[in-house]
Structures are given as C-alpha cells and as structure tokens.
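The residues making up each chain are set out below.
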Amino acid sequence: MGRRDFLGLAAGATLTAAGIGSLLGAAPAHADPANDPDSPLRFALVTDTHVNVGSPQTTQWLTQVWASIAARTPDLVLHCGDITDTGRPDEFDRYAEILPPELHGKMHYSPGNHDVRWDPSAKEEYHSHFGPAPYSFDAGGVHFIGFDPTQVLQEPGHYGPGGLKWLEDDLRRMRPGTPAVLFQHSPLGNTFYYVDDQTAVLDVLADHNVRGIFAGHIHKEVVTGFNGLTQVGLNAVKNARSARSGSPSARSPVGVCRSRSR
C-alpha cells in the first residue's frame, strides 16, 4: 500500500473491520493493554443523527444503528456532528435516552452546524452534554482530533486564527511517527468548500503526519483524495432506511470501500 492508504467504511453507521494501525502505518493497535496485543483497534463512525423529538422516525433509525454497532463491540465510536436537528435541550436529552449503555464511555463527538447554528446559547448546550471541542485523544497508536469548525448562527465552518493555532499546537505535541486522523462535521476539498478558511487548514495539516479525515454534513458516502489526504464523507443516520439491528452475524448495514491516494 502507498503511504496514504486508508480504509473507509462508509454508511450512516460505519464500523472498521480491519486493523486501523496497519492501514495507517502504526504499530498493532489495541485500545486496552489487557487485550491480545495483536487485536486491532475497532471503531465505528456515525454522523447526522438529527434527533428531533417531533420526528419519531429519526429516533427509530438511530436506535437500530446503535443496536447494530453495540453488537459489534467497537473500542470507540466517533460522531461527526449534527447530533440534534436544532440544538434544543429536549433533543439533546432525547439523544441521551437512546444511546445504549454498552456505548457509554466509548463515544467521541464533534459538533455540527445543526447543533449550534440556530441559537446563540446552543454551543453552551452542546458543551454541557459532550464536553469541550476541539480536543484530541490517542487510541491504538493513532492520534484522533475532534475539531469544531462550527459558527453560531452561521452555515460555513471556520477555524479562524485561534482554531488554527490550537490545531498546530496539538499536532506538534504528537510523538514522532504517530499517525493522526481528523474528524469533524464539515468536509474539506475542492468539491465541498464547507470550511471557508480551508486553505489555511490544509497548510497546517500538510506539515504533520495526518493521514485522513472523517466528515459528515453532506449526507452521502464519498471517498476523496487530495493534498495527500484521504477523506471519507459519511451518509446520514437520518437517511439510514436500510439500517438493521441484530447480532454481529446479522447482515451488516455498512459497506466497505478502499481508497488509494498517491
């Protein structure tokens, strides 16, 4: 595989089925040192759940997706934003009610424009439920960055001088040779332009060992390569009519696609 080989599993709910460490050039990955050291880090991705208390269908599909993911016992789950439809407190509360106990302690979030856009106090509501953003953590030899490019009362994402400095400082603190993955709501790239200062963002990423980006917002499965990066855009759980619950042996609601970027 080339240096930027990446495995993206694209769907409303997305589950890694291969060792992310080997694909990213890291050491064999395992989230818990007590586990078999040869076992891979397994993580799931979801985005655009758009929980709305007035739309039972959104919670029905999300419940099915959570059941399917929980049955596969991932080490962690990344949520790429638009958790709620309008950022109302009752929507955040309803989302918390749906999340199964098996996934508590495994969730990592980045906010979406629907979570913070509609109300000046909505970002505070998000932080009260899910903690600070941006932030980062390490798992299985990989550095994960959950970024927040959202703007209150605005549609486009924006890093700004403060966000760019935070990103640069965070990447500089990584141990040499550690691969990094960025997950956020808005995608980057010439096809999208959903981040209005993305040129500056790409300049920062280019100086560090960032291997890929996971993003939501576009409500469709798209794998693209640019600037030496592989970006996986995810379908919305809101659109997950094909989601199925059941045991790990049941038919999976995810598809697998491999992208090679040279």
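This text follows the structure it describes.
Cut-offs used in this document
- Residues numbered from 1 in each chain as written.
- Predicted model: local features only at pLDDT ≥ 70, side-chain atom pairs only at ≥ 80, totals over all residues.
- Heavy atoms only, no water.
- Core = buried A, V, L, I, M, F, W, Y, C linked by side-chain atoms within 4.5 Å.
- Buried < 20%, exposed > 50% of the residue type's maximum accessible area, 1.4 Å probe, protein only.
- Contact = heavy atoms within 4.5 Å.
- Pairing = 2+ DSSP bridges.
- Helix = DSSP H or I, 4+ residues; strand = E, 2+ residues; numbered from the N terminus.
- Axes fitted to C-alpha atoms, helices over the stretch in contact; angles between N-to-C directions.
- Phe/Tyr/Trp six-rings, centres within 6.5 Å; stacked < 30°, edge-to-face > 60°.

> Summarise the nonpolar core; cite the residues concerned and give the values.
If you look at the biggest cluster of nonpolar residues, it comprises 37 residues, and the most contacted ones within it are W66, L78, Y95, F144 and F214. Excluding anything up to four places from it in sequence, Y95 contacts T49, V51, L62, W66, H79, I83, M107, Y109 and F130. Y159, L164, L188 and L205 belong to the second-largest nonpolar core, a separate cluster that totals 19 residues.

> How would you explain the sheet that holds strand β8 (residues 180–184) if you had to name every residue and give the values?
The 6 strands lie next to each other as β6-β7-β8-β9-β11-β10, forming an open sheet whose pairing is mixed. Strand pairing shows two members of the sheet lacking a second neighbour, β6 (135–139) and β10 (222–226), which therefore form its edges. Direction aside, neighbouring strands of the sheet carry axes that sit 20° apart on average. Across 5 bridges, β10 lies against strand β11 (residues 229–233) in antiparallel orientation. Within β11, the position partnered with V223 by the bridge is V232. Running over the sheet, helix α6 (residues 160–172) touches β6, β7 (142–146), β8 and β9 (210–215) and is turned about 165° from β7.

> So what's going on with the packing of aromatic side chains? Residues and values would help.
Taken as a whole, this structure holds 13 aromatic pairs when the rule is applied. Taken together, a centroid distance of 6.0 Å and an interplanar angle of 75° make the contact between Y95 and Y109 edge-to-face. Of the two residues, Y95 sits in helix α3 (residues 89–98) while Y109 sits in strand β5 (residues 107–109), which places them 14 residues apart along the sequence. Linked through ring pairs, F43, Y135, F137, F144, F183 and F214 together constitute an aromatic cluster.

> Quick rundown of the pairing of β8? Include the residues and the values.
Across the 5 residues of β8, 5 count as buried, placing the element largely inside the fold. Residues of β8 alternate between two faces, with A180, L182 and Q184 on one and V181 and F183 on the opposite face, all of them buried. Direction of pairing for β7 relative to β8: parallel, over a ladder of 4 bridges. Along β8, the bridge assignment pairs H143 with A180. The pairing of β8 with β9 spans 5 bridges and is classified as parallel. Residue pairing for β9: F183 is matched across the bridge by F214.

None of this, on its own, says anything about what the molecule does.
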